[in-house]
Amino acid sequence: MVNFNVKVCDPVEQGKGMGAYISYRVQTQTTHPSYKRNESEVIRRFRDFVWLADRLTATCAGVIVPPLPEKDVVQKFQMNADFIQQRCRAIDAFINRVVAHPTLRDTPDVQLFLEASEADWQYEIARAGLEKGGLQNAVNNAKGLFQGLTTKMGELMSGGKLPDGEEGADASGVSRAYIMELDACLTEVHRQARLVTQRHAKMCQSLEDFQLSMEALSDCEEEGSQLYNMFRDMSEVAEKQAADYRKHVEKLQEVFAGPLKEYHRYMQNVKFAIQELNNSAAAVIQRKAEFEGKKARLAKLRVTPGIQEIKVSYAEQDMNISNRKWEEAKEREVTVRERLAPELARFQGIRATDLEEIFRQYAAAEVEASRMQAAGWKEAAPKFATA
């Protein structure tokens, strides 16, 4: 059994100003037989993770590639500690999802990313850049076709016509309509999670404002008087409660709103993988039509009186090339279809586990926050008792 233990850690700011970036230490332990060493350590930056994600998306059609965190240009230039740590955790989750994937972990690109020295890495990136034209065209074409996904999924959800040979559900039992409905639900859940976090943040601000108002009220009283002491005590309690609530808001962002946002991004990659099947099926139809057209042209030339043999020869070559492209398209469609069913089944299992953990941590955080709030007010209550 192949095991991976990958850790992204030690973020360090490199450079200053517009050219500044964060480098990350990527430590790997593995039993994979293709790797040169059982343990390796490399330095990578965020754009290297982006390169890996783009490369896997372009070369592993039908596979659901885990999402990377969004590029936040504003926060990047602020380079605050919270942003750096959040991104470090997010890219750690990304690379660990990649090495946990039975297909992605065996790709040479992942091995290159985890093992190559800085010099070897830069060389391979430069070499891959020479191929970028063809690779980028493939990605752009896929993205262009992806723009029609909403319409296509709408047809599937409303019982519209499916591509030839396609059923409402794969062997995994996951229908396209279900994926779209799930995406819509997760989008709404993420929106509500963000609102919950915002409401808690407003409560924190209200407690801070209350603390200031109590402090101001105490200043209106004679120092050392009963009311002065009571207002000061209330101000101190409110200050502590606000600080605890601030920690609670940060916890909710870390274990609840943040992970749900990433899962919403995960769904975009799931839909992209599904669209790859539609793209490959459409390519088969297109290549078949091209072949039939060239075949008909050849047949017409062969019965044309006085036609030059060279023209017939060129037409036959065109037909053979077209036939080969049709066969390649059919092979790719079969590959994508065979990949997609287990991919969706695997995603279902991961989703169930991940969402269960997200909501468990959310519930635990709310319970702990309520307990601390209640304990804080209970402890303070005797101070406000009338003498």
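Okay, so let's go over this structure.

Procedures and definitions
- Residues numbered from 1 in each chain as written.
- Predicted model: local features only at pLDDT ≥ 70, side-chain atom pairs only at ≥ 80, totals over all residues.
- Heavy atoms only, no water.
- Axes fitted to C-alpha atoms, helices over the stretch in contact; angles between N-to-C directions.
- Helix = DSSP H or I, 4+ residues; strand = E, 2+ residues; numbered from the N terminus.
- Parallel < 35°, antiparallel > 145°, perpendicular 65-115°, else oblique.
- Contact = heavy atoms within 4.5 Å.
- Nonpolar A, V, L, I, M, F, W, Y, C, P; charged D, E, K, R; others polar.
- Pairing = 2+ DSSP bridges.
- Patch = residues over 30% accessible without salt bridge, like charges linked within 9 Å, V, L, I, M, F, W, Y side chains within 5 Å.
- Areas by Shrake-Rupley, 256 points an atom, 1.4 Å probe, with all protein chains shown as cover.
- Salt bridge = Lys/Arg side-chain N within 4 Å of Asp/Glu carboxyl O.
- Lys, Arg positive; Asp, Glu negative; His and termini not counted.
- Charge placed at Lys NZ, Arg CZ, Asp CG, Glu CD.
- Buried < 20%, exposed > 50% of the residue type's maximum accessible area, 1.4 Å probe, protein only.
- Phe/Tyr/Trp six-rings, centres within 6.5 Å; stacked < 30°, edge-to-face > 60°.
- Expected span 1.5 Å × (residues − 1).
- Core = buried A, V, L, I, M, F, W, Y, C linked by side-chain atoms within 4.5 Å.
- Left-handed = near helix turned anticlockwise from the far one by under 90°.

1. Observations regarding the packing of helix α1 (residues 46-59) against helix α4 (residues 108-115)
Phase 1 of the analysis: Between α1 and α4, whose axes approach to 10 Å, the crossing angle comes to 170 degrees. On the basis of the axis angle, α1 is roughly antiparallel to α4. Two secondary-structure elements touch here, α1 through Asp-48, Phe-49, Trp-51, Leu-52, Arg-55, Leu-56 and Thr-59 and α4 through Asp-109, Val-110, Leu-112 and Phe-113.
Phase 2 of the analysis: Along the lines of polarity and charge, the residues of the contact of α1 with α4 split into seven nonpolar, one polar and three charged.

2. Topic: the sheet that holds strand β2 (residues 21-30)
Phase 1 of the analysis: Taken in spatial order, the three strands make up an open sheet running β1-β2-β3, and their pairing is antiparallel. Looking at which strands have only one partner, the edges of the open sheet turn out to be β1 (4-14) and β3 (39-45). The sheet shows a mean angle of 20 degrees between the axes of neighbouring strands, direction not considered.
Phase 2 of the analysis: In this structure, β2 lies alongside β3, joined through seven bridges in antiparallel fashion. Residue Ser-23 lies in a different strand from β3, and its bridge partner there is Arg-45.
Phase 3 of the analysis: The strands touched by helix α3 (residues 81-100) within the sheet are β1 and β2, with β1 carrying the most contacts at an inclination of about 150 degrees.

3. Re a positive patch on the surface
Phase 1 of the analysis: On the surface, Lys-294, Arg-297, Lys-311, Arg-324 and Lys-325 cluster together into a positively charged patch.
Phase 2 of the analysis: Those elements that provide at least two residues to the positive patch are α9 (226-302) and α10 (309-380).
Phase 3 of the analysis: Tallying contributions element by element places α10 first for the positive patch, with three residues.
Phase 4 of the analysis: Looking at the element boundaries, Lys-311 is found in helix α10.

4. Let's talk about the environment of Ser-235
Phase 1 of the analysis: By secondary structure assignment, the location of Ser-235 is in helix α9.
Phase 2 of the analysis: On the accessibility criterion, Ser-235 (3% relative accessible area) is buried.
Phase 3 of the analysis: C-alpha separation for the pair Ser-235 and Leu-217, spaced 18 residues apart in sequence, amounts to 9.4 Å.
Phase 4 of the analysis: Sequence-distant contacts of Ser-235, that is, excluding residues within four places in its chain, are made with Gln-211, Met-214 and Glu-215.

5. Regarding the packing of aromatic side chains
Phase 1 of the analysis: Evaluation of the coordinates by the stated rule reveals twelve aromatic pairs.
Phase 2 of the analysis: Where Trp-51 meets Trp-121, the ring centres are 5.3 Å apart and the plane angle is 80 degrees; that geometry is what we call edge-to-face. Here Trp-51, found in helix α1, pairs with Trp-121, found in helix α5 (residues 118-130); they are 70 residues apart in sequence, far enough to count as distant. The pair formed by Trp-51 and Trp-121 is uniform in burial state, with each residue classed as buried.

6. So, α1
Phase 1 of the analysis: Under the 1.5 Å per step criterion, the end-to-end length of α1 is 20 Å for 14 residues, consistent within 8% with the ideal 20 Å.
Phase 2 of the analysis: Within the sequence span of α1, burial applies to Phe-46, Asp-48, Phe-49, Val-50, Trp-51, Leu-52, Ala-53, Arg-55 and Leu-56.

7. Some words on the pattern of salt bridges
Phase 1 of the analysis: According to the stated counting rule, one finds 17 salt bridges in the structure shown.
Phase 2 of the analysis: Close ionic contact of Arg-191 with Glu-188 constitutes a salt bridge, the shortest N to O distance being 3.0 Å. On the criterion of helical spacing, the pair formed by Arg-191 and Glu-188 is a turn pair, its members being three residues apart in helix α8 (residues 176-219).
Phase 3 of the analysis: Residue Arg-191 is classed as partly exposed on the basis of its relative accessible area, which comes to 36%.
Phase 4 of the analysis: Taking the shortest distance from any N to any O, the salt bridge between Glu-368 and Arg-371 comes out at 2.7 Å.

8. Quick notes on the nonpolar core
Phase 1 of the analysis: Membership of the largest hydrophobic core comes to 35 residues, with the highest contact counts inside it found for Phe-49, Ile-95 and Leu-114.
Phase 2 of the analysis: Counting only elements with at least two residues in this core, the list comes to β1, β2, α1, α3, α4 and α5.
Phase 3 of the analysis: Of all the elements, α3 adds the most residues to this core, at eight residues.
Phase 4 of the analysis: Not counting chain neighbours up to four residues away, the residues in contact with Leu-114 comprise Phe-4, Val-6, Val-26, Thr-28, Tyr-35, Ser-40, Val-42, Ile-95 and Val-99.

9. Observations concerning the packing of α9 against α10
Phase 1 of the analysis: Two numbers describe how α9 lies on α10: the axes approach to 8 Å, and their chain directions differ by 170 degrees. It follows that α9 is roughly antiparallel to α10 by the angle criterion. In this structure, α9 crosses over α10, and the sense of that crossing is left-handed.
Phase 2 of the analysis: For the contact of α9 with α10, the residue count by class is 40 nonpolar, eight polar and 21 charged.

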